[in-house]
Amino acid sequence: MLLVLKPSPEEVGREAARMVASAVRRNPALRLGLATGSTTVGMYQELARLHREESLDFSRVPTFNLDEYLGLSADHPQSFAYFMRQNFFSRVNVALANIHIPDGSIKGDYRQYCAAYEQSIRDAGGIDLQILGIGRNGHVGFNEPTSSLGSRTRLKVLTKETIEDNRKFFASGEEIPQCAITMGIGTILQARRILLLASGSSKAAAIAKAIEGPVTASVTASALQLHADVTFLVDQEAGALLKQQEYYQRVLEMTAILTPERL
Ligand code: GLP
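Notes on the structure follow. (Residues numbered from 1 in each chain as written. Predicted model: local features only at pLDDT ≥ 70, side-chain atom pairs only at ≥ 80, totals over all residues. Heavy atoms only, no water.)

## Overview of the pattern of salt bridges
Here the structure, examined in full by the defined rule, presents 13 salt bridges. The partner of R152 in a salt bridge is E118, with the nearest N and O atoms 3.0 Å apart. A residue pair is termed long-range when its members are at least 10 positions apart, and R152 in the loop between β6 (129-132) and β7 (154-157) and E118 in helix α4 (residues 110-124) qualify at 34 residues. The structure contains a network of salt bridges with shared partners spanning E46, R49, R52, E53 and E54. (Salt bridge = Lys/Arg side-chain N within 4 Å of Asp/Glu carboxyl O. Helix = DSSP H or I, 4+ residues; strand = E, 2+ residues; numbered from the N terminus.)

Structure representation (structure tokens):
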């Protein structure tokens, strides 16, 4: 596990973009797992700038989004598909055919749909680099507390806390979805490399539990402790409750000397 601490949310975004860009430059057909949420916006902005000004090429990059609200079609302004178009896809050259986002408007055989989403990840050869945010309750994707640590893509009922946290994105009086389609923890753990971003004091407890707490389905991000190649990229506020900061800093310094390709 690597912990990279940055002074501000802006620097978290820039550093995340730098890491994604260097992975794409190393492998122009990198299979990229993507996340939504306000924390990721700075990263997408910087990736768009790198595309515009430094010819960062996404033309061969397949993307797989983590999750989508059930009941929202791709043109609903609060859907994650819409978020991705606004913040990223309309600003870079990811090929339309390479974009995969769970379809929130499906009805009927959800199991079959979710199994097909998993299959599309397998068919592409698996995810090379998965970007994650984190919820205040420690969720990744929409894997709410008590999600199975072996879970695959499926429907998930959202907690009241998550619904409240996301209320800010919806118009007052607008109905907020109660359910989502999300990659499972088992799906996420199969990515070859994981980069989790967090900023702000509201995420500090979740980050401390995810990194230094026990592995538990009550904090699904803690399952990342089972993964061999995870980087947590957090700002000062989100990292404030970590007890071993000095150690993480030394690990980072040695990594820069011994295995710089991990950064
Ligand atoms: C939603 C998404 C998560 C994301 C979280 C945090 O719940 N499903 O993938 O990590 O929001 O969002 P924000 O970055 O806005 O705090």
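## With respect to the packing of aromatic side chains
Under the definition given, this model contains nine aromatic pairs. On the numbers, 6.4 Å between centres and 70 degrees between planes, the contact of Y44 with F83 is edge-to-face. Remark: F83 occurs in helix α3 (residues 80-87) and Y44 occurs in helix α2 (residues 41-54); sequence separation between them is 39 residues. With a relative accessible area of 0%, Y44 lands in the buried category. With a centroid separation of 5.7 Å and 20 degrees between ring planes, the pair formed by F80 and F142 is classed as stacked. With F80 in helix α3 and F142 in the loop between β6 and β7, this residue pair connects regions lying 62 residues apart in the sequence. With respect to burial, F80 and F142 carry one shared label: buried. Clustering of aromatic rings is evident, with ring pairs tying together Y44, F58, F83, F88 and F89. (Phe/Tyr/Trp six-rings, centres within 6.5 Å; stacked < 30°, edge-to-face > 60°. Buried < 20%, exposed > 50% of the residue type's maximum accessible area, 1.4 Å probe, protein only.)

## Digging into the environment of N93
With respect to the helices and strands, the residue N93 is situated in the loop between α3 and β5 (99-100). Along the chain, N93 and C179 lie 86 residues apart, while their C-alpha atoms are 31 Å from each other. Here the side chain of N93 touches F58 through a polar contact of 2.8 Å, landing on its backbone nitrogen. (Polar contact = N/O pair within 3.5 Å; in protein donor to acceptor, adjacent residues only side chain to side chain.)

## Focus on the sheet that holds strand β3 (residues 63-65)
Ordered in space as β1-β10-β9-β6-β2-β3-β5, the seven strands form an open sheet in which the pairing is parallel. With one partner strand each, in any of the chains shown, β1 (2-6) and β5 form the two edges of the open sheet. The pairing of strand β2 (residues 32-34) with β3 spans three bridges and is classified as parallel. The partner of L32 across the bridge, within β3, is T63. (Pairing = 2+ DSSP bridges.)

## Let's talk about the site of the ligand
The environment of the ligand is made up of 13 residues, and the closest members are S38, T39, D67, H139 and K203. Taking S38, its side chain carries an N or O atom lying 2.6 Å from an oxygen atom of the ligand. T39 is positioned such that a nitrogen or oxygen atom in its side chain is 2.5 Å from an oxygen atom of the ligand. When the ligand sits alone it has 390 Å² of accessible area, and the protein chains cover 92% of it. The cavity where the ligand resides is the largest pocket. A class-by-class count of the residues in the shell around the ligand yields three nonpolar, eight polar and two charged. (Near = heavy atom within 4 Å. Areas by Shrake-Rupley, 256 points an atom, 1.4 Å probe, with all protein chains shown as cover. 1 Å grid on protein atoms, 1.4 Å probe; cavity = no way out; pocket = protein on both sides within 12 Å on 5 of 7 lines; lining within 4 Å. Sits in = over half its atoms within 2 Å of the grid points. Nonpolar A, V, L, I, M, F, W, Y, C, P; charged D, E, K, R; others polar.)

Geometry only, nothing functional implied.
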